[in-house]
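Below, each chain spelled out in residue letters.
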Amino acid sequence: MLQDYIQTQPEFKELQVKYSQDLAETIIEDYKNLANTAIQTLVLVFVVIFLFVGLRESLITSILLPLSFFITFAVLNIIGISLNFLTNFSLVLTL
């Protein structure tokens, strides 16, 4: 996107852009780890609730936990908050 803008402006033809920090790969890896942690947590919660309470309650919990994460991402998107290390850390804490 920046390269397209630079090409359209004649005064910026000689401009070279260098990125000092690109955290995209790190953030993608963190979200993969978050997804793995969420799956493990969901399985453990299901097993513990199934053992101590029953099947009905464990199924309700198994449905509502992922739903709450989807709603969280939707609200973050609507509000305009970006997914960065702070939001990633807060999601890990909620697990």
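Rules of the game
All residue numbers here refer to positions counted from 1 along the written sequence of the relevant chain. In keeping with the predicted nature of the model, local features appear solely for residues at pLDDT of at least 70, side-chain atom pairs appear and are counted solely at 80 or more, and the whole-chain, interface and lining totals rest on all residues. Only hydrogens and water are set aside when side-chain values are computed; all heavy atoms of the structure are taken into account. Here a strand is any run of E in DSSP of at least two residues, a helix any run of H or I of at least four, and the numbering for each starts at the N terminus. Expected span of a helix, by definition, is 1.5 Å for each gap between consecutive residues, and there is one gap fewer than residues. Classification of residues uses two cut-offs on accessible area relative to the type maximum, computed with a 1.4 Å probe and protein chains only: under 20% is buried, over 50% is exposed, and between them is partly exposed. Only residues above 30% relative accessible area that lack a salt bridge enter a patch, with like-charged residues linked at up to 9 Å and the nonpolar side chains Val, Leu, Ile, Met, Phe, Trp and Tyr linked at up to 5 Å. What sets the accessible areas is the Shrake-Rupley method with a 1.4 Å probe; for residues, cover comes only from the shown protein chains. Here a salt bridge means any side-chain nitrogen of Lys or Arg lying within 4 Å of a carboxyl oxygen belonging to Asp or Glu. Across the chain, each position has a pLDDT score giving the predictor's confidence in that residue, from 0 to 100. N or O atoms closer than or at 3.5 Å make up a polar contact, with two conditions inside protein: a donor-capable atom paired with an acceptor-capable one, and, for residues adjacent in sequence, both atoms drawn from side chains. Whether two residues are in contact is decided by their heavy atoms, any of which lying within 4.5 Å being enough.

Asks: Even after reading the chapter, I still don't get helix H3 (residues 55-79), so can you show me in this structure?
Replies: The α-helix winds at 3.6 residues per turn, so residues separated by three or four positions along the chain end up facing the same way. In this model, H3 (25 residues) spans 36 Å end to end at C-alpha, consistent with the 36 Å of a helix rising 1.5 Å per residue. Of all the positions in H3, only Ser58, Ser62, Phe69 and Leu76 are classed as buried.

Asks: Just to check I follow, could you spell out a nonpolar patch on the surface for this structure?
Replies: Residues Ile39, Val43, Val47, Val48, Phe50, Leu51, Phe52, Val53, Leu55 and Leu59 make up a contiguous nonpolar surface patch of roughly 990 Å² in combined accessible area. If you list the elements that add at least two residues to the nonpolar patch, you get helix H2 (24-52) and H3. In terms of residue count, the dominant contributor to the nonpolar patch is H2 (seven residues). Among the structural elements, valine 43 can be located in helix H2.

Asks: Just checking my understanding: could you explain the confidence of the model for the chain for this structure?
Replies: Note: predicted coordinates in regions of low pLDDT should not be interpreted at a detailed level. With 91% of its residues at a pLDDT of 70 or more, the chain has an overall mean of 80. Ranking the helices and strands of the chain by mean pLDDT puts H3 first, with 86, and helix H1 (residues 2-8) last, with 71.

Asks: What is the right way to look at the side chain of serine 58 in this model?
Replies: Positionally, serine 58 belongs in helix H3. By relative accessible area, serine 58 is classed as buried at 0%. Among the polar contacts listed, one links the side chain of serine 58 to the backbone oxygen of glycine 54, at a separation of 3.2 Å. At 2.7 Å, the side chain of serine 58 and the backbone oxygen of leucine 55 are in polar contact. The residues contacting serine 58, other than those within four sequence positions of it, are Phe46, Ile49 and Phe50.

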